[in-house]
Amino acid sequence: MLKLQLTLLAGFLLCLSAHAQYPLIESRAYICKQTIGELKIDGLPSEESWQLAQWTDEFVDIEGNKRPKPYHKTRVKMLWNEDYLYFYAELEEPHVWAKLKERDTVIFYDNDFEIFIDPDGDTHSYYEYEVNAFNTVWDLMLTRPYRDQGRAIDNWNINGLKSAVHIEGTLNDPSDKDKYWAVEVAMPWTTLEEAAARGGHPQPGDTWRLNFSRVQWDTEIKNGQYVKVVNKERGKPVEHNWVWSPQRAIAMHEPEFWGQLYFSGKKVGETDQFVSDFGSEEVRQLLSFIHRKQKDIKRESGSYSSSKTDLLETKTFNVGRPIVWEVEGNAYRYHAIMQHPFNAAILWHMDETGRLWKEFK
């Protein structure tokens, strides 16, 4: 039932955007249910909770349909309880390899799996977790996206993190074929609540913004070793970026396009449903378009614009409702406010820092 609902919603959004000037980027959603019994973090989905949990849709290219479908399958399951947010990911891979063993190094120089979490969905103060097949972890907090002069806090750790990798095959052995490598992760709320709304772990019915990335390097075998394939025209190794929820461009640090993680009050195996607020999704994306436009205008003229015609050409939403919004701008700051297309009591805001937030009138 869940898969059907989400598929219908995605199809509806794509249909709406087909004739739109600013097409919506599909925001995928996942219903995260509560565990039954304890989970041992060993990289194996052997517990009943994992067996009952649903898979996400398979990963796509970071640019969505602009690029070919990934040649290896990746998918994830999620669960939660009073203490932890849990992840289990399987990454199809005939040749599992890794080189980096020191924590908090740049793990995506290896093939890796990445988790991005923005608890309050404002695009500021979000978490990044990366891991390779050695179970070498890089965890950090971003104050805001790099485009908005964000700073990566490398010495921030997910205290109490539990992480394990299981390899169905052999690591760093080019002489055979492997099946996949899997990652199991438990992140404690005592750390994740740092950037959460209301300063605490989620309640049933809450929604966080989240995405996953898989960095995959093309390799060849030379002298019994895995060696990255270099694109001769660009002079760089060939890198692929595969994600759960498409990002519009090769840019993971655009949190406004991340997927939605819905925290269910139901136990895993029970039925629940979630319908995305696609009106808010459209407003968020339009405001993000305005933000990128304002940054371009400021770079060229030295001042932000208060002219609507400079910032947004369209007059209606994809669903045909008039845009009701206001904008102010000067040399130092700007503030844009846009009304929800179906609910006049909901206002969305964005300012020069890139922060995106919702207000109820």
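Calculation notes
- Residues numbered from 1 in each chain as written.
- Predicted model: local features only at pLDDT ≥ 70, side-chain atom pairs only at ≥ 80, totals over all residues.
- Heavy atoms only, no water.
- Helix = DSSP H or I, 4+ residues; strand = E, 2+ residues; numbered from the N terminus.
- Rg over C-alpha atoms; globule rule 2.2 N^0.38 Å.
- Buried < 20%, exposed > 50% of the residue type's maximum accessible area, 1.4 Å probe, protein only.
- Pairing = 2+ DSSP bridges.
- Axes fitted to C-alpha atoms, helices over the stretch in contact; angles between N-to-C directions.
- Contact = heavy atoms within 4.5 Å.
- Expected span 1.5 Å × (residues − 1).
- Salt bridge = Lys/Arg side-chain N within 4 Å of Asp/Glu carboxyl O.
- Core = buried A, V, L, I, M, F, W, Y, C linked by side-chain atoms within 4.5 Å.
- pLDDT = per-residue confidence, 0-100.

A. Local environment of the overall build of the protein chain. Across its full length, the protein chain carries five helices and 21 strands. Relative to its length of 361 residues, the protein chain is compact, with a C-alpha radius of gyration of 21 Å against a globular reference of 21 Å. Seen along its three principal axes, the alpha-carbon backbone of the protein chain occupies a region of about 60 × 55 × 40 Å. Buried positions account for 53% of the 361 residues belonging to the protein chain.

B. Main features of the sheet that holds strand β21 (residues 356-360). The sheet built from four strands is open, its strands ordered β18-β19-β20-β21 with antiparallel pairing. Looking at strand neighbours, the two that pair on one side only are β18 (325-329) and β21, the edges of this open sheet. Averaged over all adjacent pairs, the angle separating strand axes in this sheet is 15°, with direction ignored. The sheet contact formed by strand β20 (residues 346-351) and β21 spans five bridges and is antiparallel. In the sheet register, L347 faces β21, and the bridge partner there is E359.

C. Seen up close, the side chain of Q34. The topology assignment puts Q34 in strand β1 (residues 29-34). Once you skip the residues sitting within four places of it in the chain, Q34 turns out to touch W80, P204, S264, G265, K266, K267 and V268.

D. Molecular detail of helix α4 (residues 278-301). With 24 residues, α4 should cover 34 Å at 1.5 Å per step; its first-to-last C-alpha distance of 34 Å lies within 8% of that length. Just downstream of α4, G302 is the residue with a positive phi angle, here 85°.

E. How the structure looks around the environment of L347. With respect to the helices and strands, the residue L347 is situated in strand β20. Assessed through its relative accessible area of 13%, L347 is described here as buried. It is 5.1 Å that separates the C-alpha atoms of L347 and E359, two residues lying twelve residues apart in sequence.

F. Focus on the pattern of salt bridges. Applying the stated criterion across every chain, the model contains 16 salt bridges. E256 is paired through a salt bridge with R147; the nearest N and O atoms lie 2.9 Å apart. Pair noted here: E256 is in the loop between β16 (239-243) and β17 (259-267) and R147 is in the loop between β7 (137-142) and β8 (152-153), with a separation of 109 residues, a long-range link. Linked by salt bridges that have partners in common, R147, D148, E256, R292 and K295 make up one network.

G. The arrangement of the environment of I117 in detail. With respect to the helices and strands, the residue I117 is situated in strand β5 (residues 112-118). Each C-alpha atom of the pair I117 and Y127 lies 5.1 Å from the other, and the pair is ten residues apart in sequence. Excluding anything up to four places from it in sequence, I117 contacts L85, F87, Y126, Y127, M187, L192, W208, R209, L210 and W258.

H. Main features of the nonpolar core. In terms of nonpolar packing, the biggest core is built from 52 residues, with L85, F87, F113, I117 and F212 touching the most fellow members. For this core, the element with the most residues is strand β4 (residues 84-92), which contributes seven residues. Excluding anything up to four places from it in sequence, L85 contacts C32, L79, W80, I117, V185, A186, M187, W189, L192, L261 and F263. Among the nonpolar cores identified, the runner-up in size contains 20 residues, and Y304, W325, M350 and L356 belong to it.

I. Broad picture of the confidence of the model for the protein chain. For the protein chain, per-residue confidence averages 92 on the pLDDT scale, and residues scoring 70 or more make up 94% of the total. Segment residues 1-20: pLDDT under 50, and 20 contacts once partners within four positions in sequence are set aside and those in other chains are kept.

J. How the structure looks around the pairing of β7. Burial within β7 is extensive, with six of its six residues counted as buried. Burial of the side chains of β7 extends over both faces: V137, D139 and M141 are buried on one face and W138, L140 and L142 on the other. Note that strand β6 (residues 126-131) and β7 share six bridges and pair antiparallel. If you follow E130 over to β7, its bridge partner there is W138. Counting the residues that bridge the hairpin from β6 to β7 gives five residues, and of these N135 lies at a positive phi of roughly 65°. Sheet analysis places β7 next to β8, joined by two bridges and oriented antiparallel. By the bridge assignment for β8, L142 is matched with A152.

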